[in-house]
Amino acid sequence: ELKVEQNPLFLSMQEGKNYTIYCNYSTTSDRLYWYRQDPGKSLESLFVLLSNGAVKQEGRLMASLDTKARLSTLHITAAVHDLSATYFCAVDIMEYGNKLVFGAGTILRVKS
Amino acid sequence: GAVVSQHPSRVICKSGTSVKIECRSLDFQATTMFWYRQFPKQSLMLMATSNEGSKATYEQGVEKDKFLINHASLTLSTLTVTSAHPEDSSFYICSVAGLKSVGNTIYFGEGSWLTVV
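Rules used in this analysis
- Residues numbered from 1 in each chain as written.
- Chains lettered and ligands numbered in written order.
- Predicted model: local features only at pLDDT ≥ 70, side-chain atom pairs only at ≥ 80, totals over all residues.
- Heavy atoms only, no water.
- Pairing = 2+ DSSP bridges.
- Helix = DSSP H or I, 4+ residues; strand = E, 2+ residues; numbered from the N terminus.
- Axes fitted to C-alpha atoms, helices over the stretch in contact; angles between N-to-C directions.
- Contact = heavy atoms within 4.5 Å.
- Buried area = accessible area lost by both parts, 1.4 Å probe.
- Salt bridge = Lys/Arg side-chain N within 4 Å of Asp/Glu carboxyl O.
- Polar contact = N/O pair within 3.5 Å; in protein donor to acceptor, adjacent residues only side chain to side chain.
- Nonpolar A, V, L, I, M, F, W, Y, C, P; charged D, E, K, R; others polar.
- Phe/Tyr/Trp six-rings, centres within 6.5 Å; stacked < 30°, edge-to-face > 60°.
- Buried < 20%, exposed > 50% of the residue type's maximum accessible area, 1.4 Å probe, protein only.

Caption draft 1: The sheet that holds strand 1 (residues 4-7) of chain A, seen in detail. Residues and elements named next belong to chain A. Reading across from one edge, 1-3-8-7-6 is the order of the 5 strands in this open sheet, with antiparallel pairing throughout. Edge strands, defined here as strands with exactly one partner in the open sheet, are strand 1 and strand 6 (55-58). On average, adjacent strands in this sheet sit at an angle of 15° to one another, irrespective of strand direction. Sheet topology note: the strand 6/strand 7 (residues 61-66) ladder contains 4 bridges and is antiparallel. When the bridges of strand 7 are listed, Val55 appears paired with Ser64.

Structure representation (structure tokens):
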């Protein structure tokens, strides 16, 4: 059974600080996704990581993928209040028909 | 602009009635769509895979007779919650797998809040 574990589940940080969210998965993955969800809203796609060593950056967020360790990270640089949201990683595996299995989510609160 | 459109965004229904949620792929044809459910403060759980022209594939523990899925065209899948009960109140989200040409990503609809009273 494919499992996706995220940590931490809750993160409270001051503006201007850096932090990393971790996503571990239990079996070989074809693709790894990061999504943002604001309260009451659907998911916003942040990154799609396709191969080992992939690194993508958008603004203050940077995602990386290590397929050998089955680990992805979402790094937040110099956090600002607008980044407050819930962040999900999800894994896509072809043998499961390209269904997504989600991590539990990380609630991020950036304090001014 | 939106790639996947869901309707309605919010619906309140009485216990015992049925409610239909639509998911439309706006930018490309989708032979496969996915339906997820999200309870408050929880993650998304896949309910079923909707296949155009054939029966949906349901995840373990999801009642196929209660959650009816119809994928009649390449751009529309519907989820009907039959004989709804308060415990069915949740956020229902559909998704569509994008083409390689648009980055391999998976697009989500805006979601539909269902409240059963």
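Caption draft 2: Seen up close, the interface of chain B and chain A. Facing the 20 residues of chain B at the interface are 20 residues of chain A. For the chain B and chain A pair, buried surface summed over both sides reaches about 1,400 Å², with 57% attributable to carbon and sulfur atoms. Applying the counting rule to chain B against chain A returns 1 salt bridge. Lys99 of chain A is paired through a salt bridge with Glu59 of chain B; the nearest N and O atoms lie 2.9 Å apart. The interface formed by chain B and chain A holds 7 residue pairs in polar contact (both at pLDDT 80 or more) in total. Of all elements in the fold, only strand 4 (32-38), strand 5 (44-51), strand 9 (90-97) and strand 10 (106-108) of chain B reach the threshold of two or more residues within the side of chain B that touches chain A. A per-class count over the side of chain B that touches chain A returns 9 nonpolar, 9 polar and 2 charged.

Caption draft 3: Geometry of the packing of aromatic side chains. Tallying each qualifying case throughout the model produces 9 aromatic pairs over all chains. Grouped by ring-pair contacts, the aromatic residues Tyr33, Tyr35, Phe88 and Phe102 of chain A together with Tyr36 and Phe108 of chain B constitute a single cluster.

Caption draft 4: Representation of the pattern of salt bridges. By the definition in use, this model includes 5 salt bridges over all chains. Measuring nitrogen to oxygen at the nearest pair gives 2.7 Å for the salt bridge that ties Arg31 of chain A to Asp92 of chain A. Highlighted residues: Arg31 of chain A in strand 4 (residues 31-37) and Asp92 of chain A in strand 9 (residues 85-93), separated in sequence by 61 residues. By relative accessible area, Asp92 of chain A is classed as buried at 0%. The partner of Arg24 of chain B in a salt bridge is Glu22 of chain B, and the shortest N-O contact between them spans 3.5 Å. Note on Arg24 of chain B: relative accessible area 36%, which makes it partly exposed. On the basis of relative accessibility, which here comes to 24%, the residue Glu22 of chain B falls in the partly exposed class.

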